[in-house]
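In case you want the letters, here they are:
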Amino acid sequence: MTDLKQQIIAIAKEIGISKIGFTTADNFDYLKKTLTRAQEAGTNSGFEHKNIEERVDPKLLLANAKTIIAIAVAYPNKLPQMPEKSAYKRGKFSPSSWGIDYHDILAGKMSLLAQRISELTDEFDHKAMVDTGALVDTAVARRAGIGFIGKSGLVISKEFGSYMFLGELITNLDIEPDSPVDYGCGDCERCVTFCPTDALNGDTTMNAKRCLSFQTQKTGYIDEEFRIKTKSVLYGCDICQIVCPYNKGINSEPQTSIDPELSYPELQPFIKLTNKEFKEKFGEIAGSWRGKNVLQRNAIFVLANLNDKTAIPLLEEIAANPQNAVHQEAAQWALDKLKRTSQHNRPLKKNRERGKIK
Ligand code: SF4
Ligand code: SF4
């Protein structure tokens, strides 16, 4: 079915799919051991599909499965423009959470692709999956030739680096599979070295619970180590992508409009948003899915990390309010950190004034 394959590739291009690849619906049994170990050790994020058999066998998801079509949609990692200068300090959402939720963008493209394929051939069966689907996206994308899996655990292509959203269509079509790519990490270990929380194991696996991306999405209290290491980030973490040589010079076109004011919000006004205001302003962006409480808690940590003393009155107000115990504790922590920083800086300042430290 070479012809059909070429027609599908042409449609994918037409509808803005950045890269497409094809692989068989053979199982991914080799993943069973790693997935089971991660589940038992509790080093997965908990957001994954729970049934491991379904994670490794496409035929349990579509009985007559023959080919999996893997798709990648590239996203930008630089804002089209920076936000306005402001009297307030700003926090950052990481690039994968800018603009409309990528699950919606990918789901839309996959449904359009499926609809267009069904116009090409009778008896087209399929099952579409994005991110939280059963199959392991990275394993499918690797086998379908989208890219290799780096030590960061991310799929990396030469064209788009690791800045890609992945999805797949399990189909009953019989299409010639593609081969995995022939490039990889080599001796590079930059992502492992620069990961601030030592979350990466160096063999493409990770302790997802130590990843700042997980920590900034987790509800409730978070450990001090992670509060500090998030620095100015409200949601996500990109360090392992920023340091990757394959991402150097890469910046793809956005598939959705990106508002810099929402991507880098002013922290103090952000913390004061009511539920209604939050939904109206931030409801559409991908990073809002965890809700206002988690993001405002992170914003409190960021105020302390950025040493924003102008926030002390606001933090005192939150620390005095027992209605939200998590925010109250976060604000008290931030106040203590800001005070510690002042004490720590005082003699240094004095010495500078006296000319003892040049
Ligand atoms: Fe480490 Fe950040 Fe990458 Fe997570 S996203 S593995 S914390 S560098
Ligand atoms: Fe591989 Fe280096 Fe990129 Fe990590 S930073 S994924 S080791 S190429």
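These remarks concern the structure in this document. (Residues numbered from 1 in each chain as written. Chains lettered and ligands numbered in written order. Predicted model: local features only at pLDDT ≥ 70, side-chain atom pairs only at ≥ 80, totals over all residues. Heavy atoms only, no water.)

**Some remarks on the overall build of the chain**
Per the secondary structure count, the chain includes 15 helices and eight strands. Taken over the C-alpha trace, the chain has a radius of gyration of 23 Å; the compact-globule value for 358 residues is 21 Å, and the two agree within 12%. With the principal axes as the frame, the chain shows a C-alpha extent of 80 × 45 × 40 Å. Among the 358 residues that make up the chain, the fraction classed as buried is 48%. When contacts within the chain are restricted to residue pairs at least 6 apart in sequence, long-range pairs at least 24 apart make up 78% of them. (Helix = DSSP H or I, 4+ residues; strand = E, 2+ residues; numbered from the N terminus. Rg over C-alpha atoms; globule rule 2.2 N^0.38 Å. Buried < 20%, exposed > 50% of the residue type's maximum accessible area, 1.4 Å probe, protein only. Contact = heavy atoms within 4.5 Å.)

**Side note on unusual backbone geometry**
Phi is positive for Asp198, close to 55 degrees, though the residue is something other than glycine. Topologically, Asp198 is positioned in the loop between α6 (190-194) and α7 (212-215). For Asp198, a relative accessible area of 58% gives the class exposed. One non-glycine residue, Lys231, adopts positive backbone phi at about 50 degrees. With respect to the secondary-structure elements, Lys231 resides in the loop between α8 (224-229) and β8 (233-235).

**Observations concerning the sheet that holds strand β2 (residues 67-74)**
Ordered by their spatial adjacency, four strands build an open sheet running β1-β2-β7-β4, and the pairing between neighbours is antiparallel. With partners counted over all chains shown, the strands left at the sheet margins are β1 (19-24) and β4 (126-130), one partner each. Along the sheet, successive strands turn relative to each other by an average axial angle of 20 degrees, direction set aside. Summarising the sheet, β2 and strand β7 (residues 164-171) pair through eight bridges and their orientation is antiparallel. Looking at the pairing, Ile69 lines up with Leu169 of β7. (Pairing = 2+ DSSP bridges. Axes fitted to C-alpha atoms, helices over the stretch in contact; angles between N-to-C directions.)

**Description of the side chain of Ser263**
On the secondary structure map, Ser263 appears in helix α10 (residues 260-263). If near-sequence neighbours (up to four positions away) are discounted, Ser263 is found in contact with Leu79, Gly91, Lys92, Phe93, Trp98 and Ile258.

**Digging into helix α13 (residues 292-305)**
Spanning 14 residues, α13 covers 20 Å between terminal C-alpha atoms, matching the ideal 20 Å at 1.5 Å per step. With 13 of 14 residues buried, α13 lies mostly within the body of the structure. One or two positions beyond α13, positive phi appears at Asn307, with a value near 55 degrees. (Expected span 1.5 Å × (residues − 1).)

**Here we look at the site of ligand 2**
Surrounding ligand 2, one finds Gly150, Lys151, Ser152, Ile156, Cys185, Cys188, Glu189, Arg190, Cys191, Cys244, Pro245 and Tyr246. Residue classes in the shell around ligand 2 are distributed as seven nonpolar, two polar and three charged. (Near = heavy atom within 4 Å. Nonpolar A, V, L, I, M, F, W, Y, C, P; charged D, E, K, R; others polar.)

**Side note on the nonpolar core**
Counting 36 residues, the largest nonpolar core has Phe93, Phe270, Ile271, Phe282, Ile300 and Leu315 as its most contacted members. Here the element with the most residues in this core is α13; it accounts for seven residues. For Phe282, the contacting residues outside a window of four places in its chain are Phe93, Leu262, Pro265, Phe270, Leu273 and Ser288. Residues Ala25, Leu35, Leu62 and Ala144 belong to the second largest nonpolar core, which totals 27 residues. (Core = buried A, V, L, I, M, F, W, Y, C linked by side-chain atoms within 4.5 Å.)

**Quick look at the side chain of Gln268**
Of note, Gln268 is situated in helix α11 (residues 267-272). With residues near it in sequence (within four places) discarded, Gln268 still touches Tyr88, Leu303, Asp308, Thr310, Ala311 and Leu314.

**Observations regarding the environment of Ala319**
Here Ala319 lies in helix α14 (residues 312-319). By relative accessible area, Ala319 is classed as buried at 15%. The contact partners of Ala319, leaving out residues within four places of it in the chain, are Gln328, Ala331, Gln332 and Leu335.

**Quick look at the layout of surface pockets**
Its volume calculated, the second largest pocket comes out at about 460 Å³. Lys92, Pro95, Asp238, Ile239 and Ile242 are, among the 25 residues lining the second largest pocket, the residues nearest its centre. Its residues placed into classes, the lining of the second largest pocket shows 13 nonpolar, six polar and six charged. (1 Å grid on protein atoms, 1.4 Å probe; cavity = no way out; pocket = protein on both sides within 12 Å on 5 of 7 lines; lining within 4 Å. Points joined across faces, edges and corners; volume = space filled by probe spheres on them.)

**Brief notes about the pattern of salt bridges**
Summed over all chains, the structure comprises 10 salt bridges. Here Arg90 and Glu261 are joined by a salt bridge, their closest N and O atoms 3.2 Å apart. Remark: Glu261 occurs in helix α10 and Arg90 occurs in the loop between β2 and β3 (92-93); sequence separation between them is 171 residues. Residue Arg90 is classed as buried on the basis of its relative accessible area of 17%. (Salt bridge = Lys/Arg side-chain N within 4 Å of Asp/Glu carboxyl O.)

**Topic: the packing of aromatic side chains**
All chains considered together, the criterion is met by 15 aromatic pairs. Centre to centre, the rings of Tyr75 and Phe165 are 4.3 Å apart; their planes meet at 15 degrees, and the pair counts as stacked. On the criterion of sequence distance, the pair formed by Tyr75 in the loop between β2 and β3 and Phe165 in strand β7 is long-range, its members being 90 residues apart. Per residue, the accessibility class of Tyr75 equals that of Phe165, and both read buried. One aromatic cluster is present, built from ring pairs that chain together Phe93, Tyr235, Phe270, Phe278 and Phe282. The residue whose ring lies beneath Arg227 is Trp333, and the NZ or CZ to ring-centre distance is 5.3 Å. (Phe/Tyr/Trp six-rings, centres within 6.5 Å; stacked < 30°, edge-to-face > 60°. Lys NZ or Arg CZ within 6 Å of the ring centre and 35° of its normal.)

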